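Chain residues, written in single-letter form:
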Amino acid sequence: MNVTVLLVNGLAVIGLLAAMYTDRERGIDSIKRGLVSFVRILPTVLTIVVIIGLLLGFVPPETIRQFVGDRSGPVGVLLTAVVGSVLHIPSIVAFPLAASFLELGAPITVAAVFVTTLTMIGVVTLPLEVRELGWRFALLRNGVSFLGALLIAVLMGAIL
Amino acid sequence: MTDDGASKREKILRSWGYFALVAVFAVVVVFLFPDRQDAVATTMWSYLVELASILPAVMVLLGLFNEWVPTEMVVQYLGEQTGATGVGIAVLLGSTPTGPLYVAFPIAADLLEKDASVTNVVVFLTAWACLKLPQELIELQFLGWRFMTLRLALTAAVAVGMGLAMQALLSTESPHGSS
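Residues numbered from 1 in each chain as written. Chains lettered and ligands numbered in written order. Predicted model: local features only at pLDDT ≥ 70, side-chain atom pairs only at ≥ 80, totals over all residues. Heavy atoms only, no water.

Q: Could you clarify how one ought to interpret the interface of chain B and chain A in this entry?
A: Often, the extent of an interface is quoted as the loss of accessible area upon association of its parts. In this assembly, 70 residues from chain B lie in contact with 73 residues from chain A. Summing the contributions of chain B and of chain A, the shared interface buries around 6,600 Å²; its carbon and sulfur component is 80%. When the buried area of chain B at its contact with chain A is split by residue, Y47(B), E67(B) and F105(B) rank highest and sum to 10% of it. At the boundary of chain B and chain A, one finds two salt bridges. The residue E67(B) makes a salt bridge to R26(A) at a minimum N-O spacing of 3.4 Å. Applying the counting criterion to the chain B and chain A interface returns six residue pairs in polar contact (both at pLDDT 80 or more). At the level of elements, α1 (2-32), α2 (37-52), α3 (55-68), α6 (101-113), α7 (118-130) and α8 (133-171) of chain B are the ones that each hand at least two residues to the side of chain B that touches chain A. (Contact = heavy atoms within 4.5 Å. Buried area = accessible area lost by both parts, 1.4 Å probe. Salt bridge = Lys/Arg side-chain N within 4 Å of Asp/Glu carboxyl O. Polar contact = N/O pair within 3.5 Å; in protein donor to acceptor, adjacent residues only side chain to side chain. Helix = DSSP H or I, 4+ residues; strand = E, 2+ residues; numbered from the N terminus.)

In structure tokens:
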């Protein structure tokens, strides 16, 4: 039990009580909505848990360090940024995954660039973005975001 | 609506399919390397416990939010905002749990059509992508408050720089307003 768990669950309980007090029906409705999204994300969460288990159970920390660790330098960070841009997974599971990287001995820079590229850049959703915003805007936004993510990660590595 | 429901069901089924594949792979691998069994099981259990202790609450918060502030409401409100003050509101609304980034693309297109500046729209998209309130609680849990606050602060600063850069890059040629 840590502070975050207490905070989050406390917020949820208070929110739920307030909701039930103001409008019972909508309160129940929002629980249903939460349940639906929980069921929807459950398989993805379980998949990531298994992957993290295999990753931490099998990949020796030295190997990870070689690829994305301090010694690999900018190449590892760039590689992670590309992977983060291509992968299309919800941020809810991205955070535990990034935490497992850190546990394996990857530097802060790698975890930060992974989370940031994952949320900001979408190669999979690029066609959609092009359709809505035009190819110039879409390509530029993803390109600029890629550089931005690298900048954020490098600064984080320097500060933390 | 029924089509939508069907494709959603298909998506969930596909997710379970992926899980089944990964699970079978894991079982086979662990069976082949029994000495790793403990390490794998311990890791999986600890991550599972950590997620189980936080995910239901996050989902309840998401449900509450979507019930009282539906995405349509956010979209409508954003559409009415123009100019510089709009960007602050855009950031605030973008940080609400309104779904993944691709949900925001049509909104961004709408904002551009309504003559919102490129800078504002890019800041809005970045905020939408990176600052999702209930999800941030999961970042807090797994990566800690130092990581989270620093990343968010840097993202906010870099987002403005990105917006300005894109405005400059796009304004060298024909502006977006042609559409």
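Q: What is the right way to read the packing of aromatic side chains from this model?
A: Within a pair of aromatic rings, the relevant descriptors are the distance that separates the centres and the angle that separates the planes. Residues and elements named next belong to chain B. The final tally for this structure, using the stated rule, is five aromatic pairs over all chains. Residues F124 and W128 carry aromatic rings whose centres are separated by 5.5 Å and whose planes lie at 75 degrees to one another, so their mutual orientation is edge-to-face. With F124 and W128 both in helix α7 and four residues apart, this pair spans about one turn of that helix. Both residues of the pair, F124 and W128, belong to the buried class. Here the guanidinium or amino end of K132 rests over the ring plane of W128, the centre of that ring lying 4.5 Å away. (Phe/Tyr/Trp six-rings, centres within 6.5 Å; stacked < 30°, edge-to-face > 60°. Buried < 20%, exposed > 50% of the residue type's maximum accessible area, 1.4 Å probe, protein only. Lys NZ or Arg CZ within 6 Å of the ring centre and 35° of its normal.)

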